[in-house]
Amino acid sequence: MVFEKIRDIIAEQLGKEVDEITLETNFREDLDADSLDLFQIINDIEDEFNVKIEDVEQVVTVNDAVKLVEAQV
Amino acid sequence: MKHIGISGGHYYVPDRIVTNEDITQLTDTSNEWIIARTGIEQRRISTGENTSELCAKTAVRILESTGTDPEEIDIIITATVSPDYLLPSTACLVQSRIGARNAFAFDLGAACSGFVYALAVGEKLMRAGAYNKALILGGETLSKLTNWEDRATCVIFADGAGGVLLEAGERESFLAEDIHSDGDRGMSLTAGHMKVNNPFLPEGGGVEPGYPYISMDGREIFDFTMRNVPGSIKSVVEKAGIGFEDLKYIIPHQANDRISLGIAKKLGVDPSVFYRNISRYGNTSAGTIPIALGEMFTKGLLEAGRGDKIILAGFGGGLTWGSLLIQI
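Each value, and the rule that gives it
- Residues numbered from 1 in each chain as written.
- Chains lettered and ligands numbered in written order.
- Predicted model: local features only at pLDDT ≥ 70, side-chain atom pairs only at ≥ 80, totals over all residues.
- Helix = DSSP H or I, 4+ residues; strand = E, 2+ residues; numbered from the N terminus.
- Rg over C-alpha atoms; globule rule 2.2 N^0.38 Å.
- Contact = placed C-beta atoms within 7 Å.
- Pairing = 2+ DSSP bridges.
- Axes fitted to C-alpha atoms, helices over the stretch in contact; angles between N-to-C directions.
- Domains from an automatic or database assignment.
- Nonpolar A, V, L, I, M, F, W, Y, C, P; charged D, E, K, R; others polar.
- pLDDT = per-residue confidence, 0-100.
- Expected span 1.5 Å × (residues − 1).
- Buried ≥ 20, exposed ≤ 12 C-beta atoms within 10 Å, placed from the backbone.
- Core = buried A, V, L, I, M, F, W, Y, C linked by C-beta atoms within 7 Å.
- Parallel < 35°, antiparallel > 145°, perpendicular 65-115°, else oblique.
- Left-handed = near helix turned anticlockwise from the far one by under 90°.

Bringing the overall build of chain B into the picture now. Of regular secondary structure, chain B possesses 10 helices and 13 strands. Relative to its length of 328 residues, chain B is compact, with a C-alpha radius of gyration of 19 Å against a globular reference of 20 Å. Contacts spanning at least 24 positions in sequence make up 79% of the contacts within chain B whose residues lie at least 6 apart.

For the rest of this paragraph, the subject is the sheet that holds strand β4 (residues 75-79) of chain B. Residues and elements named next belong to chain B. Here five strands make up an open sheet; going across it, the order is β1-β7-β6-β4-β5 and the pairing mixed. The two strands at the open ends of the sheet, each matched to only one other strand, are β1 (3-12) and β5 (104-108). When strand polarity is set aside, the average angle formed by the axes of neighbouring strands in this sheet is 20 degrees. Here β1 runs beside strand β7 (residues 159-169); their pairing, made up of nine bridges, is antiparallel. In the sheet register, Gly-9 faces β7, and the bridge partner there is Val-164.

Residue and element names in this part refer to chain B. On domain assignment, one finds that chain B holds domain 1 (3-172) and domain 2 (175-327). On the side of domain 2, 45 residues touch domain 1, which itself brings 49 residues to the contact. Looking at the side of domain 1 that touches domain 2, the elements with two or more residues in it are β1, α2 (31-38), β3 (42-44), α5 (114-128), β6 (133-141), α6 (151-154) and β7. Residue composition of the side of domain 1 that touches domain 2, by class: 23 nonpolar, 18 polar and eight charged.

Turning our eyes to something else, we now look at the sheet that holds strand β12 (residues 309-316) of chain B. Residue and element names in this part refer to chain B. Strands sit in the order β8-β13-β12-β11 across an open sheet of four strands; the sheet is mixed. Each end of this open sheet is capped by a strand with a single partner; those strands are β8 (174-181) and β11 (249-252). The average undirected angle you get between the axes of adjacent strands in this sheet is 10 degrees. Two strands pair when backbone bridges link them, and β8 and strand β13 (residues 320-327) are joined in this way by seven bridges, in the antiparallel orientation. Across the sheet, residue Ile-179 finds its bridge partner in β13, namely Gly-322.

Further remarks concern the interface of chain B and chain A. Much of the literature gives interface size as the accessible area that the parts lose upon coming together. The interface is formed by nine residues belonging to chain B together with seven residues belonging to chain A. Elements with a contribution of two residues or more to the side of chain B that touches chain A: α2, α7 (218-239) and α8 (257-267) of chain B. In terms of residue count, the dominant contributor to the side of chain B that touches chain A is α7 of chain B (five residues). Taken together, the residues that form the side of chain B that touches chain A break down as three nonpolar, two polar and four charged.

With that settled, consider the confidence of the model for chain B. In the predicted model, chain B carries a mean pLDDT of 97, and 100% of its residues have values of at least 70. This complex was scored by the predictor with a pTM of 0.94 and an ipTM of 0.85.

Before going further, it helps to spend a moment on helix α3 (residues 51-66) of chain B. Residue and element names in this part refer to chain B. Here α3 contains 16 residues, and its C-alpha end-to-end distance of 22 Å stays within 8% of the 22 Å for a straight helix at 1.5 Å per residue. Burial analysis of α3 places 12 of its 16 residues in the buried class, the great majority of the element. Of all the residues in α3, the buried ones are Thr-51, Ser-52, Glu-53, Leu-54, Cys-55, Ala-56, Lys-57, Thr-58, Ala-59, Arg-61, Ile-62 and Leu-63. Those residues of α3 that are buried lie in contact with β1, β4, α4 (90-98), β6 and β7. One or two steps after α3, the chain reaches Gly-67, where phi turns positive at roughly 65 degrees.

Attention shifts here to the nonpolar core. Buried together is how nonpolar side chains tend to be arranged in soluble globular proteins. Residue and element names in this part refer to chain B. The biggest cluster of nonpolar side chains holds 109 residues, and the ones touching the most others in it are Ile-76, Val-94, Ile-251 and Ile-311. Counting residues per element, this core draws most heavily on α7, at eight residues. Domain assignment of the residues forming this core places at least three in each of domain 1 (3-172) and domain 2 (175-327). Look past the residues within four positions of Ile-76 in its chain and what remains in contact with it is Ala-91, Val-94, Gln-95, Ala-100, Ala-103, Ala-105 and Leu-135.

Let's shift gears to the pairing of β13 of chain B. Consecutive side chains of a regular strand alternate in pointing toward one face of the sheet and then the other. All names here are of chain B. For β13, the tally of buried residues reaches seven of eight residues, placing the bulk of the element in the interior. Two elements, β12 and β13, share eight bridges in a ladder whose sense is antiparallel. Residue pairing for β13: Ile-310 is matched across the bridge by Ile-326. Linking β12 back to β13 in an antiparallel pair, the connection comprises three residues, with Gly-318 at a positive phi of about 140 degrees.

Between the first and last C-alpha of α5 of chain B there are 21 Å, a value that for 15 residues agrees with the 21 Å anticipated at 1.5 Å per step. The complete set of buried residues in α5 of chain B reads Gly-114, Phe-115, Val-116, Tyr-117, Ala-118, Leu-119, Ala-120, Gly-122, Glu-123 and Met-126 of chain B.

What follows deals with the packing of α7 of chain B against α8 of chain B. Residue and element names in this part refer to chain B. Running from amino to carboxyl end, α7 crosses α8 at an angle of 55 degrees, the nearest separation of the two axes being 10 Å. Between α7 and α8, the crossing angle belongs to the class labelled oblique. The handedness of the crossing between α7 and α8 comes out as right-handed. When α7 is examined against α8, the residues Thr-225, Met-226, Val-229, Pro-230, Ile-233 and Lys-234 are found in contact with a partner set consisting of Ile-259, Gly-262, Ile-263, Lys-266 and Leu-267. Of the residues in the contact of α7 with α8, the class split is seven nonpolar, two polar and two charged.

All names here are of chain B. By secondary structure assignment, the location of Pro-230 is in helix α7. A tally of 20 C-beta atoms within 10 Å means that Pro-230 is categorised as buried. Along the backbone, Pro-230 and Lys-265 are 35 residues apart, and their C-alpha atoms lie at a distance of 9.4 Å. Once residues within four sequence positions are removed from consideration, Pro-230 is found in contact with Ile-263, Lys-266 and Leu-267.

Next up, the structure:
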């Protein structure tokens, strides 16, 4: 559930197809996202789940974001 | 009821164009990297003109284009974070350079929101007092506050000035405003830290100077902007009882083109409504909005008395932000 919502946010923000995005997907290497893309994705995730992700540096793969959200909901 | 109108505007930027290619000679970056992350292709950098000179040259152009005598000016407000001196104020230096000897002049510091703040303050001084004409200027030489070895910031910041003439009369330009500060988050964007240093300190002085240059926490500033600026823009539209379709332009502070586009997306407004010139001038803090206005006046995109509704949206250090809904 958390993964699906995060996947949709990423796909919307980066203009990607949802089936391109798995838990192992690396934001920078696989999706070509830069820091501003990641900031916007993290903001949207924070709003969606009502959580706070302090350290963006920790978020390298989609799974990193999923784990950070799951620890707070 | 006294009405306050914007009757013209102009800008002045230094001649020296610094391209992204030029910056690759100074620090490890590339033209493609800078364009992709900021939208900036070139910027103007002073080869000697200080902030008061950029602002005074702007002021002369405003006076000429509106047919105003400098002695008619009652108030000069200069929004800047990069003054020539702590004292005299940049505005007093401008006063002297242009011969506005009947004016009172002062600087206003609200970083990238400075011009929006200065316009709001100037308008209220005029409405409350016996003043008829005010020059509201915003200008910077950020190149002197930039660490040219820090590639996160030196690709962004630049020099330039702009401004407008406010006049009391039949026409009202100020329709709605929304202005805020959040000092709790102030440390996420800093420059020119001045520490206490004197012989009476317990250790007898000799304190290391504070970091003089612009220092920015990109995530914090991005977060602040995206969470506050779209709402502020929306609030002035609602306060004025109009819709986004009634707006001719939205002029955001030109912080980074990706941020301007992000704000447009969040508002659901077509990006073409956003006036964007950062590709040519970079981020000149208090200068960006008045440079844009000045450019729009000189290109004929804006004309005093035509009645176009626009929004000016400033945001930046302080942290400060604010939106003005204006009829030109």
